[in-house]
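Survey of secondary and tertiary structure
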Amino acid sequence: MNEGDEALALHALGWILSDERRADRLLEMTGLDPSTLRAFLDDRATLSAILGFLTAYEPDLVACAAALDIKPEALAGAARRLEDLKGQQP
């Protein structure tokens, strides 16, 4: 796995959390609560869920990519790689 994927997921999380409604939607869709999210930020499944949240809603994916100055495909690729590896040990 590319450690850049993990960093990208964390940057994307920062963007998600910058909007309260979007942050609430992330928690609702992933089933996480704020304390669990904080506790599992180093977990591939959590990072995968963060990027999966973005890829599930194209307007957020595109807006996040623009805010991070990357292509949406980079976020989608990182989401796929983290999803493929989420059950493996780091």
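Structure: see above.
Residues numbered from 1 in each chain as written. Predicted model: local features only at pLDDT ≥ 70, side-chain atom pairs only at ≥ 80, totals over all residues. Heavy atoms only, no water.

Considering the overall build of the protein
Stated formally: Labels follow the DSSP assignment, with helices taken as runs of H or I lasting at least four residues and strands as runs of E lasting at least two, numbered in each case from the N terminus. In this treatment the radius of gyration is a C-alpha quantity, and the globule benchmark scales as 2.2 Å times the residue count to the 0.38 power. Only protein chains enter the accessibility calculation, which uses a 1.4 Å probe; a residue is then buried when its area is under 20% of its type maximum, exposed when over 50%, and partly exposed in between. We call two residues in contact when some of their heavy atoms are within 4.5 Å.
Secondary structure summary: the protein contains six helices and zero strands in total. Secondary structure elements in the protein, listed N-terminal to C-terminal, are α-α-α-α-α-α. A compact globule built from 90 residues should have a C-alpha radius of gyration of about 12 Å, and the protein, at 12 Å, falls within 12% of that. Dimensions of the protein, computed from C-alpha atoms along their principal axes, come out at roughly 30 × 30 × 20 Å. Here the protein, with 90 residues, has 36% of them falling under the buried criterion. For the protein, long-range pairs separated by at least 24 residues make up 67% of all intrachain contacts whose partners lie at least 6 apart in sequence.

Brief notes about the packing of helix H1 (residues 3-17) against helix H2 (residues 20-30)
Just so we agree on the cut-off: Between N-to-C directions, angles span 0 to 180 degrees; the directions come from axes that are lines fitted to C-alpha atoms, helices contributing only their stretch in contact. Put simply, angles under 35 degrees are roughly parallel, angles over 145 are roughly antiparallel, angles from 65 to 115 are roughly perpendicular, and the rest are oblique.
Where H1 contacts H2, the two axes come as close as 7 Å, and the packing angle between them is 120°. By the angle between their axes, H1 is oblique relative to H2. Residues Leu 13, Trp 15, Ile 16 and Leu 17 of H1 lie in contact with H2, whose contacting residues are Arg 22, Ala 23 and Leu 26.

Don't take any of this as a statement about function, it's just geometry.
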